Amino acid sequence: NASIVKVHESGRYQRSGTLTMIGKGDMEKYTAAGFIAETAFAIPIPLKLLPFFMALWVQKDGVEMVIGMPELLGNDGRLEQFVNKLDTIISGL
């Protein structure tokens with residue numbers, strides 16, 4: 001863990017992050033008798049040396065998005081600030 005903290009403190013990463021686009025989703029594939037799928041969710045990959053992760057899944061009504069980063073980088077409201085800024089940008093489109 002000390003080596004991970006050292007990487008975060010230096011700000012020198014092998015890559016700046018990962019952005020993945022899952023493609024167009026079809027929620028009807030996940031609907032069955034007695035269950036109607038309305039949304040999806042993902043869990044960020046737990047890479048402690050990756051400073052940023054975002055996955056997008058296009059739905060007919062919008063885009064499902066999951067964003068993750070190590071606690072050391074996302075603490076003190078930084079992750080929330082990023083999400084709020086992203087929301088502001090997307091809302092302006």
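Analysis parameters
- Residue positions are counted from 1 within each chain, in the order its sequence is given.
- The predicted nature of this model means local features are confined to residues of pLDDT at least 70 and side-chain atom pairs, given and counted, to a pLDDT of 80 or more, with totals for whole chains, interfaces and linings taken over all residues.
- To get the side-chain values, all heavy atoms of the structure are used, and hydrogens and water are removed first.
- The cut-offs for exposure are 20% and 50% of the maximum accessible area for each residue type, with area from a 1.4 Å probe on protein chains only; residues under the lower value are buried, those over the upper are exposed, and the others partly exposed.
- Helix and strand labels come from DSSP, where a helix needs a run of H or I of at least four residues and a strand needs a run of E of at least two; each type is numbered from the N terminus.
- A pair of strands is labelled paired if DSSP reports no fewer than 2 bridges between them.
- A pair of Phe, Tyr and Trp rings is counted when the ring centres sit within 6.5 Å of each other, with Trp represented by its six-membered ring. The angle between the planes then sorts it: under 30 degrees is stacked, over 60 is edge-to-face, the rest tilted.
- Each polar contact in these results corresponds to two N or O atoms within 3.5 Å; when the atoms are within protein, one needs to be able to donate a hydrogen and the other to accept it, and residues that are neighboring in sequence are counted only if both atoms are side-chain atoms.
- We call two residues contacting when some pair of their heavy atoms lies within 4.5 Å.

Participant: When you look at the pairing of strand β2 (residues 53-59) in this model, what are you seeing that I'm missing?
Facilitator: The side chains of a regular strand alternate, residue by residue, between the two faces of the sheet. Counted residue by residue, β2 has 6 buried out of 7 residues, so it is predominantly covered. Looking at chain direction, strand β1 (residues 18-24) and β2 are connected through 6 bridges and run parallel. Across the sheet, residue Gly23 finds its bridge partner in β2, namely Trp57. Sheet analysis places β2 next to strand β3 (residues 62-68), joined by 7 bridges and oriented antiparallel.

Participant: Could you clarify how one ought to interpret the packing of aromatic side chains in this entry?
Facilitator: The relation between two aromatic rings is expressed through the spacing of the ring centres and the mutual angle of the planes. Tallying each qualifying case throughout the model produces 2 aromatic pairs. Measuring from centroid to centroid gives 6.2 Å for Tyr30 and Trp57, while their planes differ by 80°, and the two rings are edge-to-face. Residue Tyr30 is located in the loop between β1 and β2, and its partner Trp57 is located in strand β2; the two are separated by 27 residues in the primary sequence. Accessibility expressed as a relative area gives 16% for Trp57, which makes it buried. On the numbers, 5.3 Å between centres and 75° between planes, the contact of Phe52 with Phe82 is edge-to-face.

Participant: Help me out: how do you make sense of the side chain of His8 in this one?
Facilitator: By the element assignment, His8 lies in helix α1 (residues 2-10). Of the polar contacts made by the side chain of His8, one reaches the side chain of Tyr13; its length is 2.8 Å. Discounting residues that sit within four places of it in the chain, His8 has contacts with Tyr13, Lys48, Pro70, Leu72 and Leu73.

Bear in mind that shape data such as this cannot, by itself, settle questions of function.
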